[in-house]
Amino acid sequence: MFPKKYFRKIAIFSVVLMLLIVGTFYLRASNYSVYASNLIWDKTHIPLISTFISPQNTNLNFEIGNYYFGGGAYDLKKAEKYYRKILEVNPLFPLAHYQIARIEFVAGNLYYALDEINKEIEINPDFKRSYYVRGLINGYNGDLKNAASDFKEFLKWKKESWAGWNDLSWVYFTEGDYKNAKYAAIQGLVYFPQNPWLLNSYGVALINLGEKDKAREVLIKAKEILSNMTENDWGVAYPGNNPDVYKNGFESMKNSVEKNLKLTE
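Everything in this summary refers to the structure shown in the same document. Every value quoted in this text rests on a predicted model; they were computed, and no experiment measured them.

## Remarks on the overall build of the protein
Item 1. Check the secondary structure of the protein and you find 15 helices and zero strands.
Item 2. A total of 265 residues make up the protein; the buried ones form 42% of that total.
Item 3. Of the accessible surface of the protein, which amounts to about 15,200 Å², a share of 55% is contributed by carbon and sulfur atoms.

Set out below in structure tokens:
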């Protein structure tokens, strides 16, 4: 007879094997994406089991990549690994290059980010959010002309985007074009009059145009709105960033508004 410890190991192995068999059947009999999304959110080890069962499934890998890119966990290396697995199977898979571009941008690898987003635009030209991402990349690269062009292209598709108008205002401000910086901020405030990012951009443009009284009024409003926000409220505006930086980022923004207010005195 076998010792009890061997029976225990055999029992554990049998349970794991049964889970794999049932999982394989379930995956083949149902929608991969739905199955993945239902499981991934529950256990962090499920992605390993799921991809072991079906390593070539692009939809499944995309769901898992999204999970690691702020969809339940945050691990850029793991997220990129799963997105690149998709491209090994299907180089034209929609949004894989887009997500990798976002990861490279967050990591500060602007050259690779630009290469990836250009690939996405080439294979998926109707997905206009790519132009917003490319606008950010070009802006941080110092290519302000193309950054403005990208943001405008994005805003043609979604004119009610506060982030699009705010970043276009940022580009104009960086160029020293304070009139257009002011105009872009105003356009965003039409849709989002209580948005502190737009109010700050508007206030800074007004300061540089010599309209300090109006700037002070606008910046006080931004300060009041920020005082009623939390760091998580701030973090919603940066879905690709690590939640660990929310606190410092939020404090930095409040300090920025405070410094700008002093410039109006």
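Once the structure has been displayed, the description carries forward.
## A closer look at the layout of surface pockets
Item 1. Approximately 1,300 Å³ is the volume found for the largest pocket.
Item 2. Elements supplying a minimum of two residues to the lining of the largest pocket: helix 6 (96-106), helix 8 (129-141), helix 10 (162-175), helix 12 (196-208) and helix 15 (246-262).
Item 3. Top element by residues in the lining of the largest pocket is helix 10. It accounts for eight residues.
Item 4. The residue inventory of the lining of the largest pocket, partitioned by class, reads 23 nonpolar, 12 polar and five charged.

## Considerations on helix 15
Residues separated by three or four positions in an α-helix point in the same direction, a consequence of the helix having 3.6 residues per turn.
Item 1. Relative to the 24 Å expected for 17 residues at 1.5 Å per residue, helix 15 spans 25 Å between its end C-alpha atoms, a close match to the ideal helical length.
Item 2. Among all positions of helix 15, only Tyr246, Gly249, Phe250, Met253, Val257, Asn260 and Leu261 are buried. Angular distribution of buried residues about the axis of helix 15 spans 125 degrees; they occupy a single face of the element. For helix 15, the exposed residues set more than 90 degrees away from the buried face come down to Lys247, Asn248, Lys259 and Lys262.
Item 3. In this fold, the buried residues of helix 15 make contact with helix 12, helix 13 (212-227) and helix 14 (231-235).

## Focus: the nonpolar core
Item 1. Phe151, Leu168, Met229 and Trp234 are the most contacted members of the largest nonpolar core, which totals 39 residues.
Item 2. At the level of elements, helix 8, helix 9 (144-157), helix 10, helix 11 (178-191), helix 12, helix 13 and helix 15 are the ones that each hand at least two residues to this core.
Item 3. Looking at this core, the element that brings in the most residues is helix 12, giving seven residues.
Item 4. In contact with Phe151, other than residues within four places in its own chain, are Tyr131, Tyr132, Gly135, Leu136, Gly164, Asp167, Leu168, Trp170 and Val171.
Item 5. Grouped together as the second largest cluster of nonpolar side chains are 16 residues, Leu76, Ala96, Ile100 and Ile103 included.

## So, the packing of aromatic side chains
Item 1. Tallied over the entire structure, the rule returns 16 aromatic pairs.
Item 2. Seen from their ring centres, Phe62 and Phe93 are 5.6 Å apart, and the 50 degrees between their planes marks the pair as tilted. With Phe62 in helix 4 (residues 58-68) and Phe93 in the loop between helix 5 (76-89) and helix 6, the pair connects residues that are 31 residues apart, well separated along the chain.
Item 3. Taking relative accessible area as the criterion, Phe93 reaches 8% and is therefore assigned buried.
Item 4. Cluster of aromatic residues (ring-pair linked, three or more members): Trp162, Trp197, Trp234, Tyr238 and Tyr246.

## Things to note about a nonpolar patch on the surface
Item 1. On the surface, a cluster of nonpolar side chains totalling about 270 Å² of accessible area is made up of Val190, Tyr191 and Phe192.
Item 2. For Tyr191, a relative accessible area of 36% gives the class partly exposed.

## Details of the packing of helix 5 against helix 6
Item 1. Across the interface, helix 5 lies against helix 6 with an axial gap of 9 Å and an inter-helix angle of 150 degrees. When the interaxial angle is binned, helix 5 and helix 6 end up roughly antiparallel. Crossing of helix 5 against helix 6: the hand is left-handed. Within the contact between the two elements, helix 5 uses Leu76, Ala79, Glu80, Tyr83, Arg84, Ile86 and Leu87 and helix 6 uses Ala96, His97, Gln99, Ile100, Ile103, Glu104 and Val106.

## Side note on the pattern of salt bridges
Item 1. Per the counting criterion, the structure on display carries 11 salt bridges.
Item 2. The closest approach of N and O atoms between Lys182 and Glu211, which form a salt bridge, is 3.2 Å. Linking Lys182 in helix 11 with Glu211 in the loop between helix 12 and helix 13, this pair joins segments that are 29 residues apart in sequence.
Item 3. Judged by relative accessible area, Lys182 falls into the partly exposed class, the value being 22%.
Item 4. Taking relative accessible area as the criterion, Glu211 reaches 31% and is therefore assigned partly exposed.
Item 5. Residues participating in the shared-partner salt-bridge network are Glu80, Arg84, Glu104 and Glu116.

Parameters at a glance
Residues numbered from 1 in each chain as written. Predicted model: local features only at pLDDT ≥ 70, side-chain atom pairs only at ≥ 80, totals over all residues. Heavy atoms only, no water. Helix = DSSP H or I, 4+ residues; strand = E, 2+ residues; numbered from the N terminus. Buried < 20%, exposed > 50% of the residue type's maximum accessible area, 1.4 Å probe, protein only. Areas by Shrake-Rupley, 256 points an atom, 1.4 Å probe, with all protein chains shown as cover. 1 Å grid on protein atoms, 1.4 Å probe; cavity = no way out; pocket = protein on both sides within 12 Å on 5 of 7 lines; lining within 4 Å. Points joined across faces, edges and corners; volume = space filled by probe spheres on them. Nonpolar A, V, L, I, M, F, W, Y, C, P; charged D, E, K, R; others polar. Expected span 1.5 Å × (residues − 1). Arc of directions from axis to C-beta. Contact = heavy atoms within 4.5 Å. Core = buried A, V, L, I, M, F, W, Y, C linked by side-chain atoms within 4.5 Å. Phe/Tyr/Trp six-rings, centres within 6.5 Å; stacked < 30°, edge-to-face > 60°. Patch = residues over 30% accessible without salt bridge, like charges linked within 9 Å, V, L, I, M, F, W, Y side chains within 5 Å. Salt bridge = Lys/Arg side-chain N within 4 Å of Asp/Glu carboxyl O. Axes fitted to C-alpha atoms, helices over the stretch in contact; angles between N-to-C directions. Parallel < 35°, antiparallel > 145°, perpendicular 65-115°, else oblique. Left-handed = near helix turned anticlockwise from the far one by under 90°.

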